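Fold and contact review
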Amino acid sequence: MPQAPVSLPLGIVVRRTPSVSRWAPWVYKAVSVVPGAGAADWQVMREEGDVVEYHAATVPLELWRTDTEAYLTGLSAKVPSIGVVMRDATEREDGHPYEVLLATASPYECQDYADSGEELLELVPMPEGLVALVRDFIEEHHEDEVFVKRRRDKKRVDAKEDGRGDPRISQLSDVYRAPRSGRSN
């Protein structure tokens, strides 16, 4: 039975800035995370001229015991990051263009979402307290996988036996077998 993940609520801060493109008036970018944040739905945190920072959502950061290798890879990066995955929310009536789907500490999961191309993935620097939490989780649950080299069968498959077919497949009889190639006189 799989064990439940360790979960921590993570507030996602999204910054809206004016766009330099004439086709889109605003640019939205995830800029930080707030560990232990309460529930929110695009709550204004700070306004400075045209720039607005929102507490867009609070999503659970789930740490799975089976993914410690991925978390270790993420912490060894130059800047440890949390991947924030957002999706277009065209049905929203309040005008905010994205729905925050999830936050992950696994760079492998981030790569999967980046490959799909359907979601927007932003890497946000991990706060020091979150780095310490993930590091402690890894130290408690990480188990190195033992490499087991695969052994080949001892049977030779390159031997050619005319008219016998594949020597790896047992055959009782075959009406389509080729006759012997060598005739004795």
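Bear in mind the structure is a predicted one, so any value in this text is a computation, not a measurement.

**Some remarks on helix α1 (residues 68-75)**
- Taken together, the buried positions of α1 are occupied by Thr68, Ala70, Tyr71, Gly74 and Leu75. The arc that holds every buried residue of α1, seen down its axis, measures 155°, which confines them to one face.
- Close packing links the buried residues of α1 with β4 (51-63), α2 (107-116) and α3 (128-141).

**Some details on the packing of aromatic side chains**
- Using the criterion set out here, one finds 4 aromatic pairs in the structure.
- Taken together through their ring pairs, the aromatic side chains of Tyr28, Trp42, Tyr54 and Tyr98 make up a single cluster.
- If you follow arginine 16 out to its NZ or CZ, it ends over the ring of tryptophan 26, 3.8 Å from the centre.

**Focus on the side chain of glutamate 53**
- Along the chain, the position of glutamate 53 falls in strand β4.
- On the basis of relative accessible area, glutamate 53 is assigned to the buried category, the value being 10%.
- Apart from residues lying up to four places away in sequence, glutamate 53 is in contact with Val13, Val14, Arg15, Val31, Gln43, Val44, Met45 and Arg46.

**Quick notes on the nonpolar core**
- Of all hydrophobic cores here, the largest spans 30 residues; its most connected members are Ile12, Val33, Ile82, Val84, Val100 and Met126.
- Contributions of two or more residues to this core are made by β1 (6-18), β2 (26-35), β4, α1, β5 (81-88), β6 (98-104) and α3.
- Considering every element that reaches this core, the biggest residue donor is β4, with 7 residues.
- Among residues more than four places away in sequence, those in contact with valine 84 are Ile12, Ala30, Val33, Val100, Leu102, Leu120, Leu121, Glu122 and Val124.

**Considerations on the packing of α1 against α3**
- Axis separation between α1 and α3 bottoms out at 10 Å; the angle between their running directions is 140°. Here α1 lies oblique to α3, going by the angle between them. The crossing of α1 and α3 is left-handed. For the pair formed by α1 and α3, the contact residues are Thr68, Tyr71, Leu72 and Leu75 on the first element and Val131, Val134, Arg135, Phe137, Ile138 and His141 on the second.
- Residues of the contact of α1 with α3, tallied by class, amount to 7 nonpolar, 2 polar and 1 charged.

**Digging into the environment of threonine 73**
- Here threonine 73 shows up in helix α1.
- Threonine 73 sits in the partly exposed class, given a relative accessible area of 34%.
- Each C-alpha atom of the pair threonine 73 and alanine 105 lies 9.7 Å from the other, and the pair is 32 residues apart in sequence.
- Reaching out from threonine 73, the side chain makes a polar contact with the side chain of tyrosine 108 at a distance of 3.1 Å.

**What to know about the pairing of β4**
- Relative to β4, β1 runs antiparallel, the two being bridged by 11 bridges. Opposite arginine 15, over in β4, you have glutamate 53 as the bridge partner.
- Pairing geometry for strand β3 (residues 43-48) and β4, over 5 bridges, is antiparallel. Bridge pairing in β4 links valine 44 to tyrosine 54.

**Looking at the pattern of salt bridges**
- For the structure shown, the criterion picks out 4 salt bridges.
- The shortest N-O distance in the salt bridge between arginine 46 and glutamate 53 comes to 3.1 Å.
- Taking the relative accessible area as the measure of exposure, arginine 46 reaches 44% and is therefore partly exposed.
- The partner of arginine 87 in a salt bridge is glutamate 119, and the shortest N-O contact between them spans 2.6 Å. Taken together, the residues arginine 87 in strand β5 and glutamate 119 in the loop between α2 and β7 (120-125) connect sequence positions 32 residues apart.

Parameters and conventions
- All residue numbers refer to positions counted from 1 along the written sequence of the respective chain.
- Reporting of local features is limited, given that this is a predicted model, to residues whose pLDDT is at least 70; pairs of side-chain atoms are given and counted only at 80 or more, and all residues count toward the totals for whole chains, interfaces and linings.
- Only heavy atoms go into the side-chain values, all of them from the structure, while hydrogens and water stay out.
- Residue exposure (1.4 Å probe, protein chains only): buried if accessible area is under 20% of the type maximum, exposed if over 50%, otherwise partly exposed.
- Numbering of helices and strands starts at the N terminus; helices are DSSP runs of H or I of at least 4 residues and strands are runs of E of at least 2.
- To be clear, the arc concerns the directions from the helix axis to the C-beta atoms.
- Residue contacts are counted whenever heavy atoms from the two residues lie within 4.5 Å of one another.
- Put simply, two rings from Phe, Tyr or Trp (the six-membered ring, in Trp's case) pair if the centres are within 6.5 Å, and we call them stacked under 30 degrees between planes, edge-to-face over 60, tilted for the rest.
- The criterion is that NZ of a Lys, or CZ of an Arg, lies within 6 Å of the ring centre and within 35 degrees of the ring normal, and then a charge sits over that ring.
- For the purposes of this section, nonpolar cores are sets of buried Ala, Val, Leu, Ile, Met, Phe, Trp, Tyr and Cys residues that join through side-chain atoms within 4.5 Å.
- All axes are obtained by fitting lines to C-alpha atoms, using only the stretch in contact for helices, and the reported angles, taken between N-to-C directions, cover 0 to 180 degrees.
- Should an angle lie under 35 degrees it is considered roughly parallel, over 145 roughly antiparallel, and from 65 to 115 roughly perpendicular; all remaining angles are considered oblique.
- Crossing chirality is assigned from the near helix's rotation relative to the far helix, an anticlockwise turn below a right angle marking it left-handed and a clockwise turn marking it right-handed.
- For this classification, Asp, Glu, Lys and Arg are treated as charged, while Ala, Val, Leu, Ile, Met, Phe, Trp, Tyr, Cys and Pro are nonpolar and the rest, including Gly, are polar.
- Counting of polar contacts relies on pairs of N or O atoms within 3.5 Å, with two restrictions inside protein: one atom must be capable of donating a hydrogen and the other of accepting it, and residues adjacent in sequence are counted only when both atoms are side-chain atoms.
- Strand pairing requires that DSSP identify at least two bridges connecting the strands.
- Any carboxyl oxygen of Asp or Glu that lies within 4 Å of a side-chain nitrogen of Lys or Arg is treated as forming a salt bridge with it.

Interpretation note: all reported values are geometric properties and have no functional meaning in isolation.
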